[in-house]
Structures are given as C-alpha cells and as structure tokens.
Amino acid sequence: MLGPAVLGGGVLVVLVIGSWLFKRVRGGSASERQSRERHNEAQERDPPVDIGDVEEIAITEFTDHHSGERQAVGKVEGFVLFVEDVPDACETTDVIRVKVLSFNRGHTSATATFLERA
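Residues numbered from 1 in each chain as written. Predicted model: local features only at pLDDT ≥ 70, side-chain atom pairs only at ≥ 80, totals over all residues. Heavy atoms only, no water.

Caption draft 1: Local environment of the nonpolar core. Of all hydrophobic cores here, the largest spans 17 residues; its most connected members are Val 49, Ile 57, Leu 81, Val 83, Val 86, Ile 96 and Val 98. Counting only elements with at least two residues in this core, the list comes to strand E3 (70-76), strand E4 (79-84), strand E5 (95-103) and strand E6 (109-117). Here this core gets 4 residues from one element, more than from any other, and that element is E5. Residues contacting Ile 57, with those up to four places away along its chain left out, are Gly 74, Lys 75, Val 76, Leu 81, Val 83, Asp 94, Val 95, Ile 96 and Val 98. (Core = buried A, V, L, I, M, F, W, Y, C linked by side-chain atoms within 4.5 Å. Buried < 20%, exposed > 50% of the residue type's maximum accessible area, 1.4 Å probe, protein only. Helix = DSSP H or I, 4+ residues; strand = E, 2+ residues; numbered from the N terminus. Contact = heavy atoms within 4.5 Å.)

Caption draft 2: Quick look at the environment of Glu 56. Looking at where Glu 56 falls in the secondary structure, it is placed in strand E1 (residues 54-58). Note: C-alpha distance between Glu 56 and Val 76 (20 residues apart in sequence) is 8.4 Å. Glu 56 has contacts with Val 95, Ile 96, Arg 97 and Ala 118, leaving out every residue within four places of it along the chain.

Caption draft 3: Highlighting unusual backbone geometry. One non-glycine residue with positive phi stands out, namely Asp 85, at about 60 degrees. Relative to the assigned elements, Asp 85 resides in the loop between E4 and E5. With a phi close to 80 degrees, Thr 93 is a non-glycine residue in the positive phi region. Its place among the elements puts Thr 93 in the loop between E4 and E5.

Caption draft 4: Fine view of the sheet that holds E6. One open sheet holds the 6 strands; their spatial order is E1-E5-E6-E4-E3-E2, and the pairing between them is mixed. Strands with a single pairing partner mark the edges of an open sheet, and in this sheet they are E1 and strand E2 (61-64). Direction aside, neighbouring strands of the sheet carry axes that sit 45 degrees apart on average. Judged from the 5 bridges that link them, E3 and E4 form a sheet pairing that is antiparallel. If you follow Lys 75 over to E4, its bridge partner there is Val 80. (Pairing = 2+ DSSP bridges. Axes fitted to C-alpha atoms, helices over the stretch in contact; angles between N-to-C directions.)

Caption draft 5: Main features of the packing of aromatic side chains. Evaluated as defined, the whole model comprises 1 aromatic pair. Taking NZ or CZ as reference, Arg 70 lies 3.8 Å from the ring centre of Phe 62, over its face. (Phe/Tyr/Trp six-rings, centres within 6.5 Å; stacked < 30°, edge-to-face > 60°. Lys NZ or Arg CZ within 6 Å of the ring centre and 35° of its normal.)

Caption draft 6: Quick look at the environment of Asp 53. With respect to the secondary-structure elements, Asp 53 resides in the loop between helix H2 (30-44) and E1. Along the backbone, Asp 53 and Lys 99 are 46 residues apart, and their C-alpha atoms lie at a distance of 5.7 Å. Excluding residues within four positions of it along the chain, Asp 53 makes contact with Val 98, Lys 99 and Val 100. A polar contact of 2.8 Å, which involves the side chain of Asp 53, links it to the backbone nitrogen of Asp 50. (Polar contact = N/O pair within 3.5 Å; in protein donor to acceptor, adjacent residues only side chain to side chain.)

Listed below in structure tokens is the structure:
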C-alpha cells in the first residue's frame, strides 16, 4: 500500500504535467495567442510602406536595439517601424517624420531614420 506522501507527490506530478499539456494544446495565454495571430497576419500581407517612403508616425515607445542604441517605435497601419537616430528630446506620443530604410527578413517590420519633428 502506498503512503499518503507518495500519493500526494504522484497527484502533484500529474497536475503539473496535465497543466503543462493543457497549456501546450490550448496555445498559451490569450495575449500570446493574439500576438501570434497578429504576427502570422503580418507575414501574409504586403507592407504599407516602401523603402525610401517618408512617413509621419507617433512614437508609441522606445526600445534598446541590440547594438545598444535607443530606437523609437511607431506604426503605419499597424506595421511596426523601428526608428534610428531619434534625438533624446523626443518622447512618446511625439509625432515625427521618418524615412524607411529597410525591411526585416520577413517584411513584418522596417527600420527607418529620423528626419524631423512633424
């Protein structure tokens, strides 16, 4: 006969494995699923910008590029632009004019350079 500690440990292991399997089958949290769906949609559509286009965008946030450089993030029709060379005086919600330089590998985002405040 198994002791209560062994039974309790077995139940705990089954619950942990069961919850992990449930999460894998279900696909993660609602925000993870939404993010994955938006990423898949972005890969299937043509970008709303071309290289060389000049666009006006609102800065939604700042991020640190892997090079250590601060970049502004903005969107054109939901399409993400990472903007280089943004002056330190710029803040989120500022509207800026940018020039599109290149696309990422999957054309799901682009790199742009700061031109001026709009």
